[in-house]
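What follows is the residue order along each chain.
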Amino acid sequence: VISVKRLWEEVDAKQSRTLLAGSMTRYLFFITFYILVIHHQKSAESTYHLTDAIRSHYAESPFSSGTKGDVTFGEMVTVGDFWSWMEQVFVPNTYDPFWSNGDPKDDYFKGAVLDKNRLVSGFRVTQRRSKVNDCLLQQRYNAFFPFCYPNTFGKGRFGATSKDSFGPYYNATKYRWSEYSYDGGGADSGFVANIRATTVLQARNRVAELKQDQWIDQATRFVRVDFTTYNPSANLFGHAEFFVELDNTGKLWPSTRVTTMKTEAYLNSTRDYVQIVLEIVVMIGVIMYFVGVIKDIAEVKSRTGKYSSFFASLWGWVDFGLVAFYIMGMGH
């Protein structure tokens, strides 16, 4: 005797396996192709070489520390080490006025990092601070040490942060809090020193001024040194950031980040024509993928009577998430 119920269960199982196989195939195809397009779009080889070169040039160059002998950026342990890195590594590596044989460089190359990446507009030093005595103090110890500097979080953005102006004895409000925005919607804030130096002497004098003013003091919780470069040979902008976070124990946490962006999305080259074709194929594929998901949802609805049944399967959520991911990717 043939069980009709059992037969329908077998049919449903086969249809479910068919849907699963279709979703899996689309998933693997689009993930592979999408990664290929992104890899091609980002000029991965040039990007890697630029980020590695800048990171090595600044973060792996040794300098003389007052506490540990020769160290690198990631090994600094005191504020004095930071200033030594600025004086011995950052400034001379950024503004190198001579070629390797001792001949003076042309002006275009004096502010070119590694001779290939022209500094766009000097460099910038930013810090964020904590509020003095904004923490629980034991009154009986005040006579011994009456100052308290609490921790902050999120690179100095959150917690007991301070926006109060500060400065040396001759100008107590020399350094002021500022907030600014970028084209494209980005924003930042902090106590900013924009150093638009064009020569090594100008850069050294400004760094010496910050050091003399005790720009980094007990309230400093986060410091960032950053700059932007332009490399016409690789068609890339580079943005280098060197971070130092200072916690309330006195420990320093150095880190680096280098990001890149193409100066022009498409140039008149074979590679860019290939990129345009690949992006068009991806857009067509996303549309086809979206249509496929809609058909799957309609098929599940016809069998179960509910649209929500599509999301009873893990692959239903995977399909939905991929569609959202691809649409957001196309928007960027």
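Our structure's up above, just so we're on the same page.
These numbers come from a predicted model, not from an experiment.

Thresholds, definitions, all that
Residues numbered from 1 in each chain as written. Predicted model: local features only at pLDDT ≥ 70, side-chain atom pairs only at ≥ 80, totals over all residues. Heavy atoms only, no water. Salt bridge = Lys/Arg side-chain N within 4 Å of Asp/Glu carboxyl O. Helix = DSSP H or I, 4+ residues; strand = E, 2+ residues; numbered from the N terminus. Buried < 20%, exposed > 50% of the residue type's maximum accessible area, 1.4 Å probe, protein only. Phe/Tyr/Trp six-rings, centres within 6.5 Å; stacked < 30°, edge-to-face > 60°. Lys NZ or Arg CZ within 6 Å of the ring centre and 35° of its normal. Core = buried A, V, L, I, M, F, W, Y, C linked by side-chain atoms within 4.5 Å. Contact = heavy atoms within 4.5 Å. Pairing = 2+ DSSP bridges. Expected span 1.5 Å × (residues − 1). Bend = angle between axes of the 7 residues up to and from the residue.

**Student:** Before we move on, can you summarise the pattern of salt bridges with the specific residues and values?
**Tutor:** A side chain with one charge can pair with a side chain of the opposite charge if their charged atoms come near. Under the criterion given, the structure shown has 15 salt bridges. A salt bridge links R124 to D226; the shortest N-O distance between them is 2.7 Å. With a gap of 102 residues between them, R124 in strand β5 (residues 123–130) and D226 in strand β11 (residues 220–231) connect regions that are remote in the sequence. Accessibility assignment for this pair places R124 and D226 in one class, buried. One network of salt bridges, in which partners are shared, links R124, R128, R157, D188, R224 and D226.

**Student:** Go over the environment of T228, please, and point to the residues and values.
**Tutor:** The topology assignment puts T228 in strand β11. Overall, T228 belongs to the partly exposed group, its relative accessible area being 30%.

**Student:** Go over the packing of aromatic side chains, please, and point to the residues and values.
**Tutor:** Enumeration according to the criterion identifies 21 aromatic pairs in this entry. With centroids separated by 5.5 Å and ring planes inclined at 35 degrees, the aromatic side chains of F166 and Y175 adopt a geometry described as tilted. A single burial state applies to F166 and to Y175, both of which are buried. Aromatic rings pair up to connect Y58, F73, F82, W83, W85, F90, Y95, F123, F227 and F242 into one cluster. Above the face of the F243 ring, K155 is positioned so that its terminal group lies 3.9 Å from the ring centre.

**Student:** Help me get a handle on the nonpolar core, residues and values and all.
**Tutor:** Among the nonpolar cores identified, the biggest contains 42 residues, and F82, W85, M86, F90, F123, V125 and F227 are the most heavily contacted of them. Elements that contribute at least two residues to this core include exactly α2 (44–59), α3 (79–94), β5, β10 (187–195), α5 (200–212), β11, β12 (236–246) and β13 (252–262). Residue contributions to this core peak at seven residues, all from α3. Those residues in contact with F227 that lie beyond four places of it in its chain are I54, Y58, F90, V113, L119, G122, F123, G238, H239, A240 and F242. By size, the runner-up hydrophobic cluster in this structure holds seven residues, among which are Y289, I297, V300 and V323.

**Student:** So, the pairing of β12: which residues are in play, and what are the values?
**Tutor:** Counted residue by residue, β12 has eight buried out of 11 residues, so it is predominantly covered. With 10 bridges connecting them, β11 and β12 associate as antiparallel partners. Bridged to Y230 within β12 is F237. Linking two consecutive strands that pair antiparallel, namely β11 and β12, is a turn of four residues; a positive phi of about 60 degrees is found at N235 within it. Relative to β13, β12 runs antiparallel, the two sharing 11 bridges.

**Student:** Residue-level account of the environment of W83, with values.
**Tutor:** Examined against the element boundaries, W83 turns out to sit in helix α3. Residue class for W83 comes out buried when judged on its relative accessible area of 6%. Counting along the chain gives 125 residues from W83 to A208, while the straight-line C-alpha distance between them is 8.8 Å. Excluding residues that lie within four positions of it along the chain, W83 makes contacts with V207, L210, K211, W215 and I216.

**Student:** Explain the environment of I297 residue by residue, including any values.
**Tutor:** With respect to the helices and strands, the residue I297 is situated in helix α6 (residues 270–304). Those residues in contact with I297 that lie beyond four places of it in its chain are Y307 and F310.

**Student:** Hey, could you go over α3 for me, with residue numbers and the actual values?
**Tutor:** For α3, with 16 residues, the first-to-last C-alpha span of 21 Å sits near the 22 Å given by 1.5 Å per residue. At M86, α3 is bent by approximately 40 degrees, the largest bend along its length. Taken residue by residue, α3 has D81, F82, W83, S84, W85, M86, V89, F90, V91, N93 and T94 as its buried positions.

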